[in-house]
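What follows is the residue order along each chain.
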Amino acid sequence: MPHTPSQSVKDVAARKQHDRRDHLRQFTIAADNVNLKPHIHVVNVQAYPQATLTDEQKAIVNCDATALAELIREGVYTSIKVLTAFVTVAIRANDVTNCLTESCLKEAFERAKELDQHFKKTGQVVGPLHGVPVSIKDHIKVKGLDTSTGYIAWATKKEADSDALVVDILRKSGAIIYVKTQNPQTLLSLETNNNIFGRAVNPYNRQLTCGGSSGGEGALIACRGSVLGVGTDIGGSVRIPAAYCGLYGLKGSVARLPHSGLLGSHDGLDAIVGCVGPLAKSARDLELFCKVMLDAEPWLSEPPLLEMPWKADVAQGQGLPEKLTIAILYDDGVVAPHPPITQAVKKYEAELKKAGHEVVLWEPLDHEKGWELILKLYFLDGGAEYLEVLRAGGEPPVPQTKWILDQIQDPRPFTVDEIFRLNVEREAFRASALKHWNATRGPTGRPVDAILCPIAPTLAPPHDTTCWWAYSSHWNLLDLPAVVFPVGQYMASQFHLLPPFPHAPRNPIEKRIVGQWDPSAYDNAPIGLQLVGRRHNEERLLAILKAIENIVPSNVPGGWVKGVNGTDGHD
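About the criteria used
- Residues numbered from 1 in each chain as written.
- Predicted model: local features only at pLDDT ≥ 70, side-chain atom pairs only at ≥ 80, totals over all residues.
- Heavy atoms only, no water.
- Pairing = 2+ DSSP bridges.
- Helix = DSSP H or I, 4+ residues; strand = E, 2+ residues; numbered from the N terminus.
- Axes fitted to C-alpha atoms, helices over the stretch in contact; angles between N-to-C directions.
- Contact = heavy atoms within 4.5 Å.
- Phe/Tyr/Trp six-rings, centres within 6.5 Å; stacked < 30°, edge-to-face > 60°.
- Buried < 20%, exposed > 50% of the residue type's maximum accessible area, 1.4 Å probe, protein only.
- Core = buried A, V, L, I, M, F, W, Y, C linked by side-chain atoms within 4.5 Å.
- Parallel < 35°, antiparallel > 145°, perpendicular 65-115°, else oblique.
- Left-handed = near helix turned anticlockwise from the far one by under 90°.

A. Local environment of the sheet that holds strand β15 (residues 526–532). Taken in spatial order, the eleven strands line up as β1-β3-β2-β8-β10-β9-β14-β15-β13-β11-β12 in an open sheet, and their pairing is mixed. Two strands in the sheet have a free side with no partner beyond their single neighbour: β1 (100–103) and β12 (358–361). Sheet twist, expressed as the average angle between the axes of neighbouring strands with direction ignored, equals 25°. The pairing of strand β14 (residues 482–489) with β15 spans seven bridges and is classified as antiparallel. When the bridges of β15 are listed, valine 484 appears paired with glutamine 530. Across the sheet, helix α5 (residues 105–122) lies against β1 and β3 (176–181), angled at about 155° from β3, the strand it touches most. Helix α18 (residues 538–551) contacts β9 (248–251), β11 (325–328), β13 (450–453), β14 and β15 of the sheet and is inclined by roughly 20° relative to β14.

Laid out in structure tokens, this is it:
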């Protein structure tokens, strides 16, 4: 493979970027002023996309999806008015974060007009997301749009002839699909960079990554250019961008939410399976997304899905004990988190205890062994398909692609017998973890209700430095649902208040990550934590998160997300 992009690669990239600009120009922004665009050295650009909005438009884009749907249903806002505000911000967000790939603005405004006419005529909405704009990760199929998925070889050649099931359900619920967002080359990356559109960056600090592989979603929603986004997660790809961009993100268990109609390498891989999941600005929006999906009975269209309707009463807290038992994982036994993350976990431990809940320490269970196992499951073919698609496009691997491919210890494809043994090892690992969960109990003798832990060892790191996935990928291996939520924002001026690292580095990976800690480098980075629940217990997990946020209200960077009647989106 080439080490640098060839002219043909550059030509494909130029064409795709030209098409993106051309499609976005179909929408003329009122009072546009190119001089307002921040200088390249300005790192925090999160507020820039809202600079020319009216007060009403600012109110619209700072709603969460639940509030927005209700305000449209009450006739306060029209679908056209809502879409105009979000498209204005989305275009500006792309200017400063490079978060978008495709758009269908003409069709989106036509649909918004249809929805407004329906509402005016009938007084009724077509569904629970009537008029709500929803953004879609690039490799999820949207009929009529290209699905390049970060590959030069696929660019301009993968126009979708149908919608993914999740997109179909969204449309039928009244949602408006208007843009698709960046994902990295190969998708198997916790940063977002490819040779077609380049690197997507974090709006709170453009020297840091927005995460991956749903990084375009993270950057767009953080800028308020979308109110609800759809990503996918096979190792942290919904949760990492959510954490790095100050948002909420949910990875459910496999076979719970619709997953058909995606385009990517390793279609048919079932040794480790990814999940579709939402990125949002409030916890209740995660619940809204799940309810919309499961009320549509997707198991009637996608055979692998379990027939498990959404249990709204459980999500609202029915059956939840008054006194929770929460396990706290500070350190996965391989890499200690950076000081701002440890400080955040300590704060939550103290607040939970103060509120009368039981808190126990979670003993990490073989995270290094789990990482070695999931790597094998990712690369059953030794990475052959990834390399084949890269060669077909004549493109070099971007740095994070090279890093993950370099983790393959043996590039030889596994034999059928070896794959059988890996599947047995995976199930034994899961059984051991379940036993460990059941044995971890609080003072009352009940097993823990959930695990509170970091989502990564660092805040959003500088570009091309991600090198430890196990805080997120561990739960994919175990197929446990996990939700990320924002807890604050790091300010370099306050670094002197942080705790020190707990010990000297124990291994080369930890030494590398400890060496990355530079208090000034992470300025403005959001801080997120992760809550992990039992398998296929997504409703209970969100109910536990709600209980925790009643104790410690969320801290969404970029200003509070407004709910109905001025609430903060957590009622």
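B. Examining the packing of aromatic side chains more closely. If you walk through the whole model with that rule in mind, you get eleven aromatic pairs. Both rings, one in tryptophan 371 and one in tryptophan 469, keep their centres 5.5 Å apart while their planes meet at 50°; by these two values the pair is tilted. Remark: tryptophan 469 occurs in the loop between β13 and α16 (470–478) and tryptophan 371 occurs in helix α12 (residues 367–378); sequence separation between them is 98 residues. As far as burial versus exposure is concerned, tryptophan 371 and tryptophan 469 are alike and both buried. One aromatic cluster in this structure is built from Trp371, Tyr378, Trp403, Trp468 and Trp469.

C. A look at the nonpolar core. Ranked by internal contacts, the top residues of the largest apolar core, which has 173 residues, are Val166, Leu170, Tyr178, Trp371 and Leu531. Sequence-distant contacts of valine 166, defined by excluding residues within four places in its chain, comprise Ile140, Val230, Pro258, Val276, Phe289 and Met293. One finds Val9, Ala155, Ile196 and Phe197 within the second-largest nonpolar core, a separate group that totals five residues.

D. Layout of the packing of α12 against α16. The N-to-C vectors of α12 and α16 enclose an angle of 65°; their axes lie 9 Å apart at closest approach. On the basis of their axis angle, the class for α12 and α16 is roughly perpendicular. The handedness of the crossing between α12 and α16 is left-handed. Contacts from His367, Gly370, Trp371, Leu373, Ile374, Leu377 and Tyr378 in α12 reach Ala470, Ser473, His474, Trp475, Asn476 and Leu477 in α16.

Nothing here speaks to function; it is geometry throughout.
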